[in-house]
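# Architecture at a glance
Take a look at the letters that make up each chain.
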Amino acid sequence: MKSRTLDIATVSRNAWERLVVDPTLGVISLLVIFSLIAAFAFPVFYAGNNIYNLVGSSITVMILAIGMTIVLISGGIDLSVGAVMALCAGTAASVVKLGAPLWVAFLCALLVGVIAGLMNGFLVTRVGLPDFIGTLAMLGLASGVLYIATQGVPIIGYMTSEYYVIGGLEPLVGPVTLPMVVALVLALSAGWLLSRTRLGTHFFAVGSNAVAARQSGVSVRWVKTQAYVISGVCAAIAGVILAGRNNNVPADLGTGYEIQAISAAIIGGASLMGGRGRVLGAVLGSLTLALAINIINLAGVPSSFQKIVIGAILLLAVIANYLSELARNAALRRRAKRDSQASSLERTKKEI
């Protein structure tokens, strides 16, 4: 009986350690719990197009969260993604409205995103500003440029039949929309980048210990700059899609999106301390955040309370992230101790 109790305790401890080391499992559990609560509390949750609309509404944050996760892994943070996304959306809409082909408009939006990423990298790595301050400056710059360009008047009259498809208002094939395909391709590409390339390894190395990475020959400045450029590209893609989904581009389009992107990335297991994060976690975190907002809407809570809920979720995610870091480090130390003891025991047996 005692041996069986010890086995159960060991299994429970190992399961907990797996959950801590791989927080994606925790996000999946949270997503399932939220879905079950919504299904029992609101029968209309699975009715009609609710799930379809939920996934569609999460795409913009999901794309931003993918770029944000890479920045967080490299040890930075990007507060400008919402403003850059809005500026890119305004750029694409304005160029289309002038009569240019869609591909020209999209290239212009991507160029704006790349420039914003390079400027973020320059402010942080060359000027020496903290990531928080450097990207906050870019937030003000991007939002200011869009406001001056629009004079506070929303950009309208740029929608075409093709743009309805790009925005996801018209399905691509069956129920599948183009933004869903784009998000999937971006997620797979980012996952491959982080797990299969030298640059991905450098992102983790710089985020874990920038000094050690520099001593190993890694160009920390260039690696962090590339992370911000990727975030800028993701913001540009999200902006192009959101402009099509909304049918207009107001000057305050990006307000609050940086908080949602950070929340989704942290819920997905990305660490504010750097060196930790997964693209799958960012995707699941975005869906979890969209699900929470959907539950609020189904409950009839005024939309003005959404910011409060998102802020509360971010606060809880940061606290959980910090506790997870402590528990993860403790679990890794215990695992290293057990491995050391096992190695010592194995050497003793060989000597005997």
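Cut-offs used in this document
Residues numbered from 1 in each chain as written. Predicted model: local features only at pLDDT ≥ 70, side-chain atom pairs only at ≥ 80, totals over all residues. Heavy atoms only, no water. Helix = DSSP H or I, 4+ residues; strand = E, 2+ residues; numbered from the N terminus. Buried < 20%, exposed > 50% of the residue type's maximum accessible area, 1.4 Å probe, protein only. Contact = heavy atoms within 4.5 Å. Areas by Shrake-Rupley, 256 points an atom, 1.4 Å probe, with all protein chains shown as cover. Axes fitted to C-alpha atoms, helices over the stretch in contact; angles between N-to-C directions. Parallel < 35°, antiparallel > 145°, perpendicular 65-115°, else oblique. Left-handed = near helix turned anticlockwise from the far one by under 90°. Core = buried A, V, L, I, M, F, W, Y, C linked by side-chain atoms within 4.5 Å. pLDDT = per-residue confidence, 0-100. Phe/Tyr/Trp six-rings, centres within 6.5 Å; stacked < 30°, edge-to-face > 60°. Patch = residues over 30% accessible without salt bridge, like charges linked within 9 Å, V, L, I, M, F, W, Y side chains within 5 Å. Salt bridge = Lys/Arg side-chain N within 4 Å of Asp/Glu carboxyl O.

## Comments concerning the overall build of the protein chain
Within the protein chain one finds 14 helices and zero strands. Listing the helices and strands of the protein chain from first to last along the sequence gives α-α-α-α-α-α-α-α-α-α-α-α-α-α. Burial status across the protein chain gives 46% buried among its 352 residues. A separation threshold of at least 6 residues defines the contact pool for the protein chain, and within that pool the share at least 24 residues apart is 78%. As displayed, the protein chain offers around 17600 Å² of accessible surface, 67% of which is attributable to carbon and sulfur atoms.

## Overview of the packing of helix 4 (residues 81-97) against helix 5 (residues 102-126)
Their axes nearest at 8 Å, the elements helix 4 and helix 5 cross at an angle of 155°. When the axes of helix 4 and helix 5 are compared, the pair comes out roughly antiparallel. Crossing of helix 4 against helix 5: the hand is right-handed. For the pair formed by helix 4 and helix 5, the contact residues are Val84, Leu87, Cys88, Thr91, Ala92, Val95 and Val96 on the first element and Leu102, Val104, Ala105, Cys108, Ala109, Val112, Gly113 and Ala116 on the second.

## Notes on the side chain of glutamine 260
By secondary structure assignment, the location of glutamine 260 is in helix 12 (residues 257-267). With residues up to four places along the chain from it excluded, the contact list for glutamine 260 reads Val61, Leu289, Ile293 and Ile310.

## Here's the deal with the nonpolar core
Among the nonpolar cores identified, the biggest contains 92 residues, and Ile63, Leu64, Tyr158, Tyr163, Phe203 and Val249 are the most heavily contacted of them. Apart from residues no more than four positions distant in its own chain, valine 249 is found in contact with Ala86, Ala89, Gly90, Ala93, Pro154, Ile155, Tyr158 and Ala243.

## Some thoughts on the confidence of the model for the protein chain
Across the protein chain, the average pLDDT comes to 86, with 88% of residues at or above 70. Between residues 1-12, whose pLDDT stays under 50, and residues either more than four places distant or in other chains, the model counts zero contacts.

## So, the packing of aromatic side chains
Counted under the stated rule, the structure contains two aromatic pairs. Ring centres of phenylalanine 106 and tyrosine 163 lie 5.9 Å apart, and the angle between their planes is 80°; this geometry places the pair in the edge-to-face category. With phenylalanine 106 in helix 5 and tyrosine 163 in helix 7 (residues 161-166), the pair connects residues that are 57 residues apart, well separated along the chain. Of the two residues, phenylalanine 106 and tyrosine 163, neither departs from the other in class, the shared state being buried. For the pair tyrosine 158 and tyrosine 163, a centre-to-centre distance of 5.7 Å together with 65° between the ring planes defines the contact as edge-to-face. Of the residues examined, tyrosine 158 reaches a relative accessible area of 1% and is grouped as buried.

## Some details on a nonpolar patch on the surface
Taken together, the side chains of Leu315, Leu316, Ile319, Tyr322, Leu323 and Leu326 define a hydrophobic patch exposed on the protein surface, amounting to about 630 Å² of accessible area. Residue placement: tyrosine 322 occurs in helix 14 (residues 306-351). Taking relative accessible area as the criterion, tyrosine 322 reaches 53% and is therefore assigned exposed.

## Topic: the environment of alanine 292
Note that alanine 292 resides in helix 13 (residues 279-298). Residue classification places alanine 292 among the buried residues on the basis of a relative accessible area of 10%. Along the chain, alanine 292 and phenylalanine 34 lie 258 residues apart, while their C-alpha atoms are 7.5 Å from each other. Setting aside residues up to four positions removed in sequence, alanine 292 forms contacts with Phe34 and Ile313.

## Concerning the packing of helix 8 (residues 178-196) against helix 11 (residues 220-246)
With their axes 11 Å apart at the nearest point, helix 8 and helix 11 run at an angle of 170° to one another. One finds that helix 8 runs roughly antiparallel with respect to helix 11. Residues Pro179, Val182, Leu186 and Leu193 of helix 8 lie in contact with helix 11, whose contacting residues are Ile230, Ile237 and Ile241.

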